[in-house]
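Examining the three-dimensional arrangement
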Amino acid sequence: MQVNGYSGYSNSLYTQSQTAAARKGWGSSAGPTTDTDAVNAFLKESKKTPAERIRDDWLARHKMTEEDLKSMPSEKREAVEKEIAEELKRKLTGQDAKRGAVMNLTA
């Protein structure tokens, strides 16, 4: 059932939103948008290997970047790389999930 007078109102809102989007450059190829940036970030992240994700996660948890790691003295950098390698080994072999995990086997 359609109520008289509302169809024109909804059509005018739709037209207004289209013109506002055109003014802001949405939906056009005028240049990069937030949506495009988000898609590119997602694609970049999805192309990473599990090892790269684990490494990035470790660095983020320790509030470090690759640049910070490169600028460290060699002894400290080797120690950090060893920690990252141990975590990679644990997570990629599944040993990390076994450590301290509580499982309900009655189901």
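Report follows, based on the coordinates.

Cut-offs and rules
Residues numbered from 1 in each chain as written. Predicted model: local features only at pLDDT ≥ 70, side-chain atom pairs only at ≥ 80, totals over all residues. Heavy atoms only, no water. Helix = DSSP H or I, 4+ residues; strand = E, 2+ residues; numbered from the N terminus. Buried < 20%, exposed > 50% of the residue type's maximum accessible area, 1.4 Å probe, protein only. Contact = heavy atoms within 4.5 Å. Areas by Shrake-Rupley, 256 points an atom, 1.4 Å probe, with all protein chains shown as cover. Core = buried A, V, L, I, M, F, W, Y, C linked by side-chain atoms within 4.5 Å. Polar contact = N/O pair within 3.5 Å; in protein donor to acceptor, adjacent residues only side chain to side chain. Salt bridge = Lys/Arg side-chain N within 4 Å of Asp/Glu carboxyl O.

Attention shifts here to the overall build of the chain. Counting secondary structure elements, the chain contains 6 helices and 0 strands. Seen in sequence order, the chain has helices and strands lined up from the N terminus as α-α-α-α-α-α. Buried residues in the chain amount to 13% of all 107 residues. Within the chain, contacts between residues separated by at least 24 positions form 44% of all contacts whose residues are at least 6 apart in sequence. Approximately 9,100 Å² of the chain is accessible, and the part contributed by carbon and sulfur atoms is 56%.

Next up on the list: the nonpolar core. Counting 9 residues, the largest nonpolar core is built from Ile54, Trp58, Leu59, Met64, Leu69, Met72, Val80, Ile84 and Leu88. Those elements that place two or more of their residues in this core are helix 3 (50-61) and helix 5 (74-93). Those residues in contact with Met64 that lie beyond four places of it in its chain are Trp58, Leu59, Leu69, Met72 and Val80.

Moving on, we come to the environment of Thr93. Within the secondary structure layout, Thr93 lies in helix 5. At 3.4 Å, the side chain of Thr93 forms a polar contact with the backbone oxygen of Arg90.

With that settled, consider the pattern of salt bridges. All told, the structure shown has 8 salt bridges when counted by the stated rule. Put simply, Arg61 and Asp57 hold a salt bridge, and the shortest N to O gap is 2.6 Å. Here Arg61 pairs with Asp57, and both are found in helix 3, just 4 residues apart, close to one helical turn. The exposure class of Arg61 is partly exposed, given its relative accessible area of 41%. Classification of Asp57 by relative accessible area gives partly exposed; the value is 34%.

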